[in-house]
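Observations on the model geometry
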Amino acid sequence: MNTTVLLFLGLYFLAMLAVGVISMRRGGSSSMEGYYLSGRNVGPLVTAMTMQSTSMSGYMFLGAGSLGYTQGYYGFWYAAGDIGGGVVNLSVLGRRMRKLSQIMGALTSIEYLEKRYPSKWIRLIAAGLSVFLLGAYVLAQFIAGGKGLELVTGLPYELALAIAVSVILAYTLMGGYGAVAYTDLVQSFVMIIGIIWILVATLQEVGGLTAANQALAALDPTLLSVWGRDLAYEGQWGIVMGALLIFSIGYMGWPHVVTRHMAMRNPFHARRAGVYSTLWNLVFVSAPYILGTLAILVLPELDDPEQAIFALAQALLPAAVVGIVMAAIMAAIMSTADSILLQTGSIAARDLYERFINPNMEEKQMVRVSQGIVLLLGLACGIVALFEPPAVFSIVVFTTSVLGSAFLPSYVAAVWWRKANTPGALTSMIVGTLVAFGWQYLALDQVTGLHPMLAGVVLSSLSMVVVSLLTQASHPVPEHVLQAMAETAELRPLPRPLKAQQSFEMAHEALTLKTQERTT
Amino acid sequence: MFGLPVSTTWLVVGAPAFWLLYTLGFLWVTRNWPGLNHPKDDA
């Protein structure tokens, strides 16, 4: 166990806890809007960085490195989509979702869906699905955190897992969304510094990129191909398009990512946040895939490809720098784990417990319940992570495909298509889930050559369009929703009287009353 | 470029270039967005 590495990691954990304490003192857990959305007061830089660091999970250091190590440059199909994920999300949903969510008085991304597509079934299905899938995602991040800390410190996996989970739980419980967003900001910087450092060291070791590629070509020329080792994916455009989609447009279907729009201080901040996202992605996203590929040259006998980037750092960097790189790896894992944990707890508390079981709670009571559920969920996932940890990559790819397929059409149509109605959204969610799940479970990608995400998104989008059009007469979009959408489309501030009437329970009625007042 | 086949070079260089252009396009399309100077009032 290296004391310098431990010192860096210890300092990093303390810094995260300090952000949690500061967020708590700033009122992060004093109200529901404060706890869930940091009072909708998050600026563009923090919005962009929390979105990016949340999206880039431990997968980037484990799965992406592994993909590069096993398939060479084929991994770049994933990076190619990923670089644009943030700006696509912010340009398509950002401003409109921020405004509509406030008009509707929605505090979680699932509540937003019910208010846009009024039906308790929307909320029940969306919340149930989210809690199940995001819970699995939290589990994957905890496992990644435990494995990472175990490798770096030499601590037993169980103890390493307990430390990682305790730190994440502590600051998430203390400061809610504000703590998560601001720790994500710090973590995004740590991630960038760490990845650049290890990339520079690795490139120096292999004599530069051109020399490395020549050496790879001498080993196996197919490693340089876009079709994978031994051209395993040659001509499989259905798989490749899915790889591109999963991390470019797929983010728009992830409840824990689209929540970032709802917390922005100003809807127009989506513009600047989009630029920050692209800049950060341009530097960060490709690096783990390159590192995984270069690790073939530096560490040709690795037993576990998921350890490629960890092992590179340990082999090539001095101890002090290894500490920074390891903090970066932990940052990637923790910045995703905290966001998903908070989001899953919020959905369970607000969209299931409060909505269906105990709707008459006081605001402060609700915050305490949310914190309790986050604590329970964190402990449960931590305990499950102790036993037979499954492969991180498989879990993350599985959950992201299903989430993207299930929710993407509903979130996009919510702000862009006035005819999108409740039956359309409900069908789209069910079809997207079943197709993405079944496609992976039955390994239909191998039979059809189509990625589960591609099949899921196409069929769920078609379902949304066809069912919405067929049921326009029987299930028209309510007038208050159409009015809210019309207000959302306007490039102007929300009228003050409307803002003043915001109520989390009465948002529809408030909008309707205000509109009637204007027209009479 | 960098000792890579042409198709791989297109992917490695072309994808970042595409997203850079997309971002610039987004900036251009939204150049008239108001309210950036009054953060609290524009929500």
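Because the structure is predicted, anything quoted here is derived from the model rather than measured. (Residues numbered from 1 in each chain as written. Chains lettered and ligands numbered in written order. Predicted model: local features only at pLDDT ≥ 70, side-chain atom pairs only at ≥ 80, totals over all residues. Heavy atoms only, no water.)

1. As for the confidence of the model for chain A
To be explicit about the condition: pLDDT is a per-residue confidence score from the predictor, ranging from 0 to 100. By definition in these notes, contact holds between two residues if any of their heavy atoms fall within 4.5 Å.
Summarising the model, chain A shows a mean pLDDT of 87, and 92% of its residues fall at 70 or more. Of the regions scoring below 50 in pLDDT, residues 504–520 of chain A engages in 27 contacts with residues more than four places distant in sequence or in other chains.

2. Concerning the interface of chain A and chain B
By a widely used convention, the size of an interface equals the accessible area lost when the partners come together. Here is the rule we go by: Throughout, buried area stands for the accessible area (probe radius 1.4 Å) lost by two parts on being put together, summed over both. Between Lys or Arg on one side and Asp or Glu on the other, a salt bridge is scored when a side-chain nitrogen of the former is within 4 Å of a carboxyl oxygen of the latter. What qualifies as a polar contact is a pair of N or O atoms within 3.5 Å, subject to a donor-acceptor requirement within protein and to the restriction that residues adjacent in sequence count only when both atoms come from side chains. Each helix is a run of DSSP H or I of at least 4 residues and each strand a run of E of at least 2, with the numbering of both proceeding from the N terminus.
Contact with chain A, which involves 42 residues of that partner, is made by 28 residues of chain B. Both sides together, the interface formed by chain A and chain B hides about 3,100 Å², and carbon and sulfur atoms give 69% of it. Where chain A meets chain B, there are 0 salt bridges. Run the count over chain A and chain B and you get 7 residue pairs in polar contact (both at pLDDT 80 or more). Only α5 (76–82), α6 (85–104), α10 (209–219), α13 (269–284) and α23 (496–500) of chain A provide two or more residues apiece to the side of chain A that touches chain B.

3. Section: the packing of helix α8 (residues 120–153) of chain A against helix α16 (residues 319–357) of chain A
Residue and element names in this part refer to chain A. Which entries qualify depends on this criterion: Axis definition: a line fitted to C-alpha atoms, limited for helices to the stretch in contact. Angles are taken between N-to-C directions and run from 0 to 180 degrees. If an angle is under 35 degrees, it is roughly parallel; if it is over 145, roughly antiparallel; if it lies from 65 to 115, roughly perpendicular; otherwise it is oblique. It is the rotation of the near helix from the far one that decides the hand of a crossing: anticlockwise by less than a right angle makes it left-handed, clockwise makes it right-handed.
Close contact between α8 and α16 brings their axes to 8 Å; oriented N to C, the two are set at 155°. One element, α8, and the other, α16, form an angle in the roughly antiparallel class. Between α8 and α16 lies a crossing of left-handed hand.

4. Here we look at the confidence of the model for chain B
Residues and elements named next belong to chain B. When the pLDDT values of chain B are averaged, the result is 84; 79% of them are 70 or greater. A low-confidence stretch, residues 39–43 stays under pLDDT 50, and its non-local contacts, those more than four residues away or across chains, total 23 contacts. The complex prediction reports pTM at 0.88, with the ipTM value standing at 0.88.

5. Comments concerning the pattern of salt bridges
All names here are of chain A. Note the following rule: The buried label goes to any residue with under 20% of its type's maximum accessible area, the exposed label to any with over 50%, and the partly exposed label to all in between, with areas taken from a 1.4 Å probe on protein chains only.
According to the stated counting rule, one finds 10 salt bridges over all chains in the structure shown. Where E33 meets R40, a salt bridge forms, and the shortest distance between an N and an O atom there is 2.8 Å. Looking at E33, the relative accessible area reads 23%, which means it is partly exposed. Here the salt bridges do not stand alone but share partners, grouping E111, K115, R350 and E354 into one network.

6. Considerations on the packing of helix α15 (residues 308–316) of chain A against α16(A)
Residues and elements named next belong to chain A. Here is the rule we go by: Polar here means any residue outside two lists: the nonpolar Ala, Val, Leu, Ile, Met, Phe, Trp, Tyr, Cys and Pro, and the charged Asp, Glu, Lys and Arg; Gly therefore counts as polar.
Where α15 contacts α16, the two axes come as close as 9 Å, and the packing angle between them is 165°. As judged from the angle between their axes, α15 and α16 are roughly antiparallel. Along this stretch, α15 crosses α16, giving a crossing that reads as right-handed. On α16, the residues touching F310, A313 and Q314 of α15 are V322, V325, M326 and I329. Considered class by class, the residues forming the contact of α15 with α16 number 6 nonpolar, 1 polar and no charged.

7. Notes on the nonpolar core
All names here are of chain A. Defined as follows: Definition used in this section: a nonpolar core is a set of buried Ala, Val, Leu, Ile, Met, Phe, Trp, Tyr and Cys residues joined via side-chain atoms within 4.5 Å.
Membership of the largest hydrophobic core comes to 181 residues, with the highest contact counts inside it found for F142 and F284. No other element matches helix α9 (residues 157–206), which puts 24 residues into this core. Apart from the residues within four sequence positions on either side, F142 is in contact with L161, V165, I168, A337, L341, G378, C381, G382 and A385.

8. Brief notes about the packing of aromatic side chains
For clarity, the threshold we go by: Centres within 6.5 Å make a pair out of two Phe, Tyr or Trp rings, where for Trp the six-membered ring is used; the pair is then stacked when the planes are under 30 degrees apart, edge-to-face when over 60, and tilted otherwise. Whether a charge lies above a ring is judged from NZ of Lys or CZ of Arg, which has to be within 6 Å of the ring centre and within 35 degrees of the ring normal.
For the structure shown, the criterion picks out 23 aromatic pairs over all chains. Ring centres of F18(B) and W19(B) lie 4.8 Å apart, and the angle between their planes is 75°; this geometry places the pair in the edge-to-face category. Aromatic side chains W19(B) and Y22(B) sit 5.5 Å apart centroid to centroid with 65° between the ring planes, which places their arrangement in the edge-to-face category. Of the two residues, W19(B) and Y22(B) are both situated in helix α1 (residues 6–29); the distance of 3 residues between them amounts to about one turn of the helix. Lying across the ring of W416(A), R96(A) places its NZ or CZ 3.8 Å from the centre.

9. Topic: the environment of V458(A)
Residues and elements named next belong to chain A. One can find V458 in helix α21 (residues 452–470). What makes V458 partly exposed here is its relative accessible area of 42%. Taking the C-alpha atoms as reference points, V458 and V435, 23 residues apart in sequence, are found 9.9 Å from one another.

10. Considerations on helix α1 (residues 3–25) of chain A
Residues and elements named next belong to chain A. Put simply, the test is: To estimate the expected span of a helix, count its residues, drop one, and scale the result by 1.5 Å.
When the terminal C-alpha atoms of α1 are compared, their 33 Å separation across 23 residues agrees well with the 33 Å that a helix rising 1.5 Å per residue should span. Taken together, the buried positions of α1 are V5, L9, Y12, F13, M16, V19, G20 and S23. Looking at the buried positions of α1, the neighbouring elements they touch are α8, α9 and α16.

11. Topic: α13(A)
Taking 1.5 Å of rise per residue, 16 residues should cover 22 Å, and α13(A) covers 22 Å from first to last C-alpha, within 8% of that figure. Within α13(A), the full set of buried residues consists of H269(A), A270(A), R271(A), A273(A), G274(A), V275(A), S277(A), T278(A), W280(A), N281(A) and F284(A). Where α13(A) is buried, its residues contact α3 (44–55), α5, α6, α9 and α14 (286–298) of chain A together with α1 of chain B.

12. With respect to unusual backbone geometry
Even without being a glycine, R40(A) presents a positive backbone phi close to 45°. Relative to the helices and strands, R40(A) resides in the loop between α2 (32–37) and α3.

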